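Here is how the chains run, residue by residue.
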Amino acid sequence: MASMKYLIQLALIFGLCLVGDVISLVLPFTLPSSVISMLLILVLLFSGLLKEHSIAESADFMLKNMTFFFIPPVVGILRYSSLVQSIWWQLLVVNLISLFACFAASSWTVVLVQFVQKKIGEKQHA
Amino acid sequence: MLEIVNSPLFGISLSVFAFQAGLFINKKLKNPLANPLVIAMLLIIAVLLLFDIPLDAYEEGSSVIYMFITPVTAVLALSIYRQRDVLRQAFFPVVLGTLAGALAALSSVVVTCNLLGLDRTILASLLSKSVTTPIAIALTEQFGGLPALTIASTLISGVAGNLLAPVLAKLFGIKDAVAHGVGIGACSHALGTSKALEIGGVQGAMSSISLSFSALWTVLLAPLFF
């Protein structure tokens, strides 16, 4: 029966994603079912209703090979290659500027918040 | 010949072998530019063009792999759960850092798209490009954009983040490991996170948490920018 373990774990993860799908359909606002499923699993893990060992091996298989699952949409770009080619430099400019802005804003905010937290901590100790 | 390539097994095995080749070449060259995903893409496209195989035939099989995108994203919950101690310590910096990152990414896309005179369909396709692909595609579809442009953009962001992760920290004077990890995850999702894991344990952990929080913030905030 041990060999069934991975299939059962996989089926459990798929089942939870189907629940996420249903929740996504019922919600009055749009939230992708993948995000809902991630939150659902997170809540179940923290509440102890779902044990890490119930999904660990199959989840690790997916996490360790995560990049592999992105091959289909990437190759799918071929269908729209003329569209991508027609604005390739604009795509590059928008993406790189936004990458720098996003990195700077997020990492500097972390440094700032940690600095403020440290100051508040020092005040309480003083 | 056509019977063979029309079987779903063709697309699946081609993808697996192409990715294996990508991993092998990446290991041999030790060059971040030799990205396994990019190599696999080029190999598959080369095979399809060389043997004149229609993309539809390949997608018979690749759609089976693509089916895993939702479960793969969902089990990121486990990687966050495992880092709960780190998360507890750095909760507020991570939450606020990813919020700032999402706001910066969204507003910079709107500004640069307007400056370059790109139309609203393209803006709709690029708005969510900093976050993980399945979520970015879902948002693009919601806004009526073109998923192909979103995929191209998330790929550019991911690969650029993967390449530039060490340089970005130097450029912006970031010495703190938590801040570095959050920055990588916020701007270049899973592809950047794989680089963060190579830089260090804390960077990798923070980047994983950051990509999840960034996705959430972007889902909540993107409608305000469109």
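Nothing here was measured: the structure is a model prediction, and the numbers come from that model.

Undergrad: Tell me what's going on with helix α11 (residues 147-171) of chain B, and back it up with residues and numbers.
TA: Residues and elements named next belong to chain B. The largest bend in α11 amounts to roughly 65° and is located at Leu164, with the proline Pro166 lying one to four residues further along. Extensive coverage of α11 is indicated by the burial of 19 of its 25 residues. Gly173 sits one or two positions beyond α11 and adopts a positive phi of about 65°.

Undergrad: Any chance you could break down the nonpolar core for me, citing the residues and the numbers?
TA: Ranked by size, the top nonpolar core spans 100 residues in total, and within it Ile71 and Cys102 of chain A together with Val75 and Ala77 of chain B carry the most contacts. In terms of residue count, the dominant contributor to this core is α11 of chain B (12 residues). Ignoring anything within four residues of it in the chain, the contact list for Ala77 of chain B reads Met38, Ile41, Leu42 and Leu45 of chain A.

Undergrad: Any chance you could break down the packing of helix α2 (residues 8-29) of chain B against helix α3 (residues 36-50) of chain B for me, citing the residues and the numbers?
TA: Residues and elements named next belong to chain B. α3 packs onto α2 with a crossing angle of 135° between their chain directions and a minimal axis gap of 8 Å. Classified by the interaxial angle, the pair formed by α2 and α3 is oblique. α3 is crossed by α2, and the crossing has right-handed handedness. Seen from α2, the contacting residues are Leu14, Ser15, Ala18, Phe19, Ala21, Gly22, Leu23, Ile25 and Asn26; seen from α3, they are Pro36, Leu37, Ile39, Ala40, Leu43, Ile44 and Val47. Taken together, the residues of the contact of α2 with α3 sort by class into 13 nonpolar, three polar and no charged.

Undergrad: Describe the environment of Phe10 of chain B, and please don't skip the residues or the numbers.
TA: All names here are of chain B. Tracing the chain through its elements places Phe10 in helix α2. By the C-beta count within 10 Å, which is 18 here, Phe10 ends up partly exposed. Considering only alpha carbons, one finds Phe10 and Glu60, 50 residues apart in sequence, at a separation of 8.2 Å. The contact partners of Phe10, leaving out residues within four places of it in the chain, are Ile4, Val5, Ala57 and Gly61.

Basis of the calculations
Residues numbered from 1 in each chain as written. Chains lettered and ligands numbered in written order. Predicted model: local features only at pLDDT ≥ 70, side-chain atom pairs only at ≥ 80, totals over all residues. Bend = angle between axes of the 7 residues up to and from the residue. Helix = DSSP H or I, 4+ residues; strand = E, 2+ residues; numbered from the N terminus. Buried ≥ 20, exposed ≤ 12 C-beta atoms within 10 Å, placed from the backbone. Core = buried A, V, L, I, M, F, W, Y, C linked by C-beta atoms within 7 Å. Contact = placed C-beta atoms within 7 Å. Axes fitted to C-alpha atoms, helices over the stretch in contact; angles between N-to-C directions. Parallel < 35°, antiparallel > 145°, perpendicular 65-115°, else oblique. Left-handed = near helix turned anticlockwise from the far one by under 90°. Nonpolar A, V, L, I, M, F, W, Y, C, P; charged D, E, K, R; others polar.

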